[in-house]
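Each chain is listed here by its residues.
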Amino acid sequence: MQASSAGGVTTLEGTERCQDCAIMRARGMSGFDIALHHIQSEILSGHYVAGMQLPTERELAASLAVGRGAVREALRVLQAQGIVVSGTGPGNGTRIRTTPGDALGQMLRLHLALESTSVPDLTQTRLVVERAATEMAAHHASVGALKRARAIVERMEQCPTIDEFNDLDTAFHIAIVDASGNHMLTMMSTAIRQTLAIPIRSAEASLTNWDDFRDGLVAQHRAILEAVTDGDAERAAELAEGHIRHAYAQLLPDKPIAEATDAVESAEAAVVALRPGAAIQDSAHHGHSHGHSPAAHTVVGTDPADPGADDGAAPRPAVKAPAKKARAKAVAARRRPSRSRGATDVSAQLTTPRAG
């Protein structure tokens, strides 16, 4: 069965399309509804595929017996949804997108602004997505993906501004999720992180101890990356969850999400273990560390100035976090009031986790 050609030549498929249009009009559907329904149906049926250039507005309008304005409006809606992309010039008409757009992120930002969702809800969703993705990354991450994530962490260590740090922070987490190889998880994680970006910046700007807070996040990022590099999926997942919960609790102590003590303590232990000057207690335990409890788990440290930090290098000697000290520190941190609470504007706190 052939598609209708330009110039008004009607084929069998064109006849059926007109019959469908007549039925849709009888049901009260407008020209816009007909054009939108047609394009969506062609995509769902596989007739329109990623990268394919669509017929022109004139051709679609003629084959569907609707106005060009109706077709143009339908294409604009699909463009806003991230389904199609339009270009200018010969051969650069409207095409089906080959890469995901920002439609999901835009939708989430609007829902957050309208309070039909909340920062705690988005953060809880992010916990589920990133924990699963980080675990998958430990199994599937390529050398190239790990190298990109490591370069981002090293840039974060030297980052002097909150805005630049948050951009790198988002890039790191998306890089880890992308290393899972699951494109849907990457799309969801990107949308959530971008939605939380402004609230995160607002909350961090109110901190009086931002430098310390930043250093703690970087240490946790390094611990996550090393667990993924070692292929320790369980450890990587625990560290990712603990990292997000720890950062959120520091920025929004009055808006708690469901507690996970082990995960938070695991993140605290990672900070202790990777601090400069931490004692190396047992270098014989470096490398994989399956089966250890989160608080007492061996964490591999990496020196960005060391050539051995490149992907493919042998793991550096591990630093074993003292379990009792880390656990006590984590409990104390949750009990003491946030140093930013007095300085943070209520409206700024309404929309902020630090997603780490």
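Residues numbered from 1 in each chain as written. Predicted model: local features only at pLDDT ≥ 70, side-chain atom pairs only at ≥ 80, totals over all residues. Heavy atoms only, no water.

## Let's talk about helix α9 (residues 183–205)
Move 1: For α9, built from 23 residues, the straight-helix expectation of 33 Å at 1.5 Å per residue is met to within 8% by its first-to-last C-alpha distance of 32 Å.
Move 2: Maximum bend of α9: about 40°, positioned at Ala 197, with proline Pro 199 one to four residues after it.
Move 3: Its side-chain oxygen placed 3.0 Å from the backbone nitrogen of Met 184, Asn 182 serves as the N-cap of α9. (Helix = DSSP H or I, 4+ residues; strand = E, 2+ residues; numbered from the N terminus. Expected span 1.5 Å × (residues − 1). Bend = angle between axes of the 7 residues up to and from the residue. Polar contact = N/O pair within 3.5 Å; in protein donor to acceptor, adjacent residues only side chain to side chain.)

## Observations concerning the environment of Val 85
Move 1: Counting through the fold element by element, Val 85 comes out in strand β1 (residues 84–86).
Move 2: For Val 85, a relative accessible area of 36% gives the class partly exposed.
Move 3: Not counting the four nearest positions on each side in its chain, Val 85 is found in contact with Gly 93, Thr 94, Arg 95 and Arg 97. (Buried < 20%, exposed > 50% of the residue type's maximum accessible area, 1.4 Å probe, protein only. Contact = heavy atoms within 4.5 Å.)

## Overview of empty space enclosed by the protein
Move 1: One pass over the full model with this rule turns up two cavities of 30 Å³ or more.
Move 2: Here the second largest cavity is characterised by a volume of approximately 30 Å³.
Move 3: Together, Glu 130, Thr 134, Phe 172, His 173, Ile 176, Val 177, Ile 224 and Ala 240 line the second largest cavity.
Move 4: Those elements that provide at least two residues to the lining of the second largest cavity are α6 (119–140) and α8 (162–178).
Move 5: For the lining of the second largest cavity, the element with the highest residue contribution is α8, accounting for four residues. (1 Å grid on protein atoms, 1.4 Å probe; cavity = no way out; pocket = protein on both sides within 12 Å on 5 of 7 lines; lining within 4 Å. Points joined across faces, edges and corners; volume = space filled by probe spheres on them.)

## So, the packing of helix α10 (residues 210–230) against helix α11 (residues 233–251)
The geometry of a pair of packed helices is captured by two quantities: the angle between their axes and the separation between those axes.
Move 1: It is at 8 Å that the axes of α10 and α11 come closest, and there the two elements cross at 165°. In this view, α10 runs roughly antiparallel relative to α11, as classed from their interaxial angle. In this structure, the crossing between α10 and α11 has a hand that is left-handed. Between α10, through Phe 213, Leu 217, Gln 220, His 221, Ala 223, Ile 224, Ala 227 and Val 228, and α11, the contact on the second element is made entirely by Arg 235, Ala 236, Leu 239, Ala 240, His 243, His 246, Ala 247, Gln 250 and Leu 251.
Move 2: By residue class, the composition of the contact of α10 with α11 is 11 nonpolar, five polar and one charged. (Axes fitted to C-alpha atoms, helices over the stretch in contact; angles between N-to-C directions. Parallel < 35°, antiparallel > 145°, perpendicular 65-115°, else oblique. Left-handed = near helix turned anticlockwise from the far one by under 90°. Nonpolar A, V, L, I, M, F, W, Y, C, P; charged D, E, K, R; others polar.)

## Digging into the pattern of salt bridges
Move 1: Applying the stated criterion to the full structure yields 12 salt bridges.
Move 2: Among the ionic pairs, Arg 150 bridges to Glu 226, the shortest N-O distance being 2.9 Å. One end of the pair, Arg 150, is in helix α7 (residues 143–157); the other, Glu 226, is in helix α10, with 76 residues separating them in the sequence. Accessibility assignment for this pair places Arg 150 and Glu 226 in one class, buried.
Move 3: Residue Arg 214 is joined to Asp 215 by a salt bridge in which the shortest nitrogen-to-oxygen separation is 3.3 Å.
Move 4: On the basis of relative accessibility, which here comes to 12%, the residue Arg 214 falls in the buried class.
Move 5: Through salt bridges with shared partners, one network takes in Arg 131, Glu 238, Glu 241 and Arg 245. (Salt bridge = Lys/Arg side-chain N within 4 Å of Asp/Glu carboxyl O.)

## Observations regarding the packing of α6 against α9
Move 1: Where α6 contacts α9, the two axes come as close as 10 Å, and the packing angle between them is 140°. As for how α6 packs across α9, the hand of that crossing is left-handed. Contacts from Val 119, Leu 122, Thr 123, Thr 125, Arg 126, Val 129, Glu 130, Ala 133 and Met 136 in α6 reach Leu 185, Met 188, Ser 189, Ile 192, Arg 193, Thr 195 and Leu 196 in α9.
Move 2: Taken together, the residues of the contact of α6 with α9 sort by class into nine nonpolar, four polar and three charged.

## Things to note about the confidence of the model for the chain
Move 1: Model confidence for the chain is summarised by a mean pLDDT of 74, while 65% of its residues fall at 70 or above.
Move 2: For the stretch residues 1–12, pLDDT sits under 50, and the model shows 14 contacts to residues farther than four places along the chain or on other chains.
Move 3: The low-confidence segment residues 274–355, where pLDDT is below 50, has 157 contacts with residues more than four positions distant or belonging to other chains. (pLDDT = per-residue confidence, 0-100.)

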